[in-house]
Amino acid sequence: RLLEFFSCSQPHGLERHLLLPPNMRPRITATALAAALTAPVCGVQGASSIAFQNAEYSKSAPTKQNGVSWPSLDTEKSTYVYVHTSDEIAQPTEFFFGSNVPVYVAGDFFNTDDMSTKMATAGQSFLRYPGGSSANKLLWDADYDSYPYFSGYSWMTADSKYSMEDFVVTINNTGATPLVELNAALSLVYGSDVGADYFIQMHEQLLAYGCDVAYYAFGNENYGGWEPPYGDYPVNGTLYGEAFLVAAKALKKAYPKIQIGFVGEYDYTSVADDSITPASAPAAASSQTSGPRRGASQPNLGVVIDDWMEDILSVDGAADAADFVVIHEYYFKTTSSVPTNVELLEEVGQLSDMRDGVADFFAEVVPEATVPPIILSEFNLVQLASAGCGATLQFINTIWHAEILGEAIQGGDVAALMSFSWADAAENCSNTGRGTRGDYGLVSYGSDTIEDGTPTTQFYAYALFNLAFGDSMVNSTISQGTSTKIKTYASTFSDGSVGIVIVNEDSAAHTMRFDGLTTGAITANGWVVASSDPDAEDPLSADGVTWNGETPDTFPLETSYTPYSASASEGEVLEVDVPAYSVTGIVVYY
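Anyway, here's the lowdown on the structure attached to this text. Numbering of residues starts from 1 in each chain and follows the order in which that chain's sequence is written. This being a predicted model, a pLDDT of at least 70 is required before a residue's local features are given, and a value of 80 or more before pairs of side-chain atoms are given or counted; all residues contribute to the totals for chains, interfaces and linings. The side-chain figures draw on all heavy atoms in the structure; neither hydrogens nor water molecules are used.

Digging into the packing of helix H4 (residues 113-121) against helix H14 (residues 459-468)
Right, on to step 1. Axes, fitted as lines to C-alpha atoms, cover a helix only where it is in contact. Angles between the N-to-C directions of the axes lie from 0 to 180 degrees. Only DSSP runs of H or I with at least four residues qualify as helices, and only runs of E with at least two residues qualify as strands; both kinds are numbered from the N terminus onward. Packing of H4 against H14 leaves a shortest axis separation of 8 Å and a crossing angle of 65 degrees. Two secondary-structure elements touch here, H4 through Lys 118, Ala 120 and Thr 121 and H14 through Phe 459, Ala 463 and Asn 466. Here, two residues are considered to be in contact whenever any of their heavy atoms come within 4.5 Å of each other.

What follows is the structure, encoded as structure tokens:
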């Protein structure tokens, strides 16, 4: 099996491996050999020539159940929606339902039956390793003798941490597609050719583990002064772009199906914030900007290297070598004022800014080049260092994530999404205006009040999309009762069933009437995610959810909690009530 990975699936791999000096060959351990012999091949086989596309993406509706009658509510508002089941408007793929799995989490955290069940419940089908800034610090082979600059991060390769081999186990457990970050700092410190060879060895070790990775990202937020080797070695867009080009050429020459992207930005300008103290910039960077900046998701006190995108794209060949552009955005960064619910929910509209901003950079610097797909591989509604910190654990983050999933698929501005993070680390908020604790994770980790692995509010947006959103997005139009606080995302499944996700930002319940569905008698199952404290002055600030009226604590949700049920005869509209401040998923069966 190991020989197959090196010789059959990758024709030049074994030959190259044997030609390397012994001290430069990937370390094929007994454990890796066992994994190669017994594990299925993970990764994308025969990836599309365009990153994050999958024309064969297919999804069947969940099994129909005999649910309980859909609850009737005291509603004063009606919203009529026409679902155009034959009008396909977008193609969802597995690449929209991803997250990060960081190396700094305990090695035994991800690979338990409980965690695999929760990942399946949330439909996690695209996973990024080693997650965030770890990319520019981790040596996968712990070779600190050859690369002593990184010895200060040796704790990342301790037996207790989440190793690359552990990551492969997670990929096999979940069936997710892997994306691996490369250590761009290594190329900047030790030279582009040294880095490129190291990355090929890394890929071959993954092959030895039984994982044929197609997607690689070159570093993480290297435009920022918080990322190594800034301050120790020169870093700017030109040097990074040159190193990226060498790595891309080498990897693709050795393994032509590999696709690789660079770390980019989508905005030129800084966002003013009078609470920011300018950071002093080490002399290594030629120029920099201090303070929060859209399109460059740095900590509130951080240095951002000027002209980053322009300088990368000015490197001859870099634009053509890029299969995708990596963007990060932790939307609300301000420390001087606490964000309102309205401000947070308006952030979702920035997705179009990302596509337009990246396209503008390409048009200015390399107008002849094709703009590659964009991946938003880290995001959340606020930055933990901001005054919105606590919102990460509030019910508003369920609604916010449901909207960003729906709008990203519908708008086509980005080709892939990866929330940060599946698990991260709970933090005390320096500004408690929206709560005392914050956590980027879809499940808790390191909290002193919540058990590790407990799903947070944003988890339930993914769980709902996993149940009620199919493999083809179709048009849905609000024909009457044009409330701007109601959003619908309609889809069809491969078996002909129809899925609809309804987001209600309104403080009032709505009766939803769906037309265009009944060519015959239909039945529907549904799931409603609502605030755990609906009678509070601000239900969106509640720190929990209900799932069909119950506090969810058993997984998988699909078989642990009875769905609601509704029906309509031929020619009738399907009518259901949705609560104030809620996200609802419906699957219509014929």
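Focus on the environment of Tyr 589
Right, on to step 1. Counting through the fold element by element, Tyr 589 comes out in strand S25 (residues 582-589).
Right, on to step 2. For the pair formed by Tyr 589 and Ser 497, sequence separation is 92 residues and the distance between their alpha carbons is 5.1 Å.
Right, on to step 3. Residues in contact with Tyr 589, not counting those within four places in the same chain, are Ala 61, Pro 62, Thr 63, Lys 64, Ser 497, Ile 522, Thr 523, Ala 524 and Asn 525.
Right, on to step 4. Any pair of nitrogen or oxygen atoms within 3.5 Å is treated as a polar contact; in protein, a donor-acceptor pairing is required on top of that, and neighbouring residues in sequence qualify only through side-chain atoms on both sides. Within the structure, the side chain of Tyr 589 is placed 2.7 Å from the backbone oxygen of Pro 62, a separation counted as a polar contact.

Remarks on helix H7 (residues 192-208)
Right, on to step 1. The span one expects for a helix is its residue count, reduced by one, times 1.5 Å. Compared with an ideal rise of 1.5 Å per residue, which puts 17 residues at 24 Å, H7 spans 24 Å between its outermost C-alpha atoms and is within 8% of the ideal.
Right, on to step 2. Relative accessibility thresholds used throughout: buried, under 20% of the residue-type maximum; exposed, over 50%; partly exposed, between the two (1.4 Å probe, protein chains only). In terms of residue burial, H7 counts as a mostly covered element, since 14 of its 17 residues are buried.

Points about the pairing of strand S13 (residues 374-382)
Right, on to step 1. For S13, a buried count of nine out of nine residues is recorded, marking the element as mostly surrounded by other parts of the structure.
Right, on to step 2. Two strands qualify as a pair provided DSSP detects at least 2 bridges between them. Direction of pairing for strand S12 (residues 324-332) relative to S13: parallel, over a ladder of seven bridges. Each residue of the ladder has a partner; that of Val 326, found in S13, is Ile 375.
Right, on to step 3. Bridge count between S13 and strand S14 (residues 416-419): two bridges; the pairing is parallel. Each residue of the ladder has a partner; that of Leu 376, found in S14, is Leu 417.

Concerning the packing of aromatic side chains
Right, on to step 1. Any Phe, Tyr or Trp ring, taking Trp's six-membered ring, that has another such ring centre within 6.5 Å forms a pair; planes under 30 degrees apart are called stacked, those over 60 apart edge-to-face, and the others tilted. All told, the structure shown has 39 aromatic pairs when counted by the stated rule.
Right, on to step 2. Aromatic side chains Tyr 223 and Trp 226 sit 6.1 Å apart centroid to centroid with 75 degrees between the ring planes, which places their arrangement in the edge-to-face category.

Concerning the pairing of strand S8 (residues 215-218)
Look at any regular strand and the pattern is simple: side chains alternate between the two faces of the sheet.
Right, on to step 1. Both faces of S8 are covered, namely the face carrying Tyr 215 and Ala 217 and the face carrying Tyr 216 and Phe 218.
Right, on to step 2. Bridge count for strand S6 (residues 177-182) against S8 is four bridges, and the pairing is parallel. Residue pairing across strands places Glu 181 opposite Ala 217, the latter belonging to S8.
Right, on to step 3. Where S8 lies against strand S9 (residues 259-263), four bridges are found, and the strand directions are parallel. If you follow Tyr 215 over to S9, its bridge partner there is Gln 259.
Right, on to step 4. When the strands point away from the viewer and the path from the first strand over the helix to the second turns clockwise, the crossover is right-handed. Regarding the hand of the β-α-β motif, the stretch spanning S8, helix H8 (residues 237-254) and S9 is right-handed.

Quick look at empty space enclosed by the protein
Right, on to step 1. Throughout, the protein atoms alone are placed on a 1 Å grid, and a set of points is a cavity if a 1.4 Å probe fits but cannot get out or a pocket if it is open with protein on both sides within 12 Å along at least five of seven lines; lining residues have an atom within 4 Å of a point. Grid points are joined across faces, edges and corners, and a volume is the space filled by probe spheres set on the points. Within this structure, the stated rule accounts for one cavity of 30 Å³ or more.
Right, on to step 2. Its volume calculated, the largest cavity comes out at about 50 Å³.
Right, on to step 3. Considering the residues around the largest cavity, the lining is formed by Pro 130, Ser 134, Ala 135, Leu 138, Trp 140, Glu 181, Asn 183, Tyr 198, Phe 199 and Met 202.
Right, on to step 4. Ranked by the residues each element gives to the lining of the largest cavity, the list is headed by H7, at three residues.
Right, on to step 5. Residues are grouped as follows: nonpolar covers Ala, Val, Leu, Ile, Met, Phe, Trp, Tyr, Cys and Pro; charged covers Asp, Glu, Lys and Arg; every other residue, Gly included, is treated as polar. Tallied by class, the residues present in the lining of the largest cavity amount to seven nonpolar, two polar and one charged.

So yeah, pure geometry; function would need other evidence.
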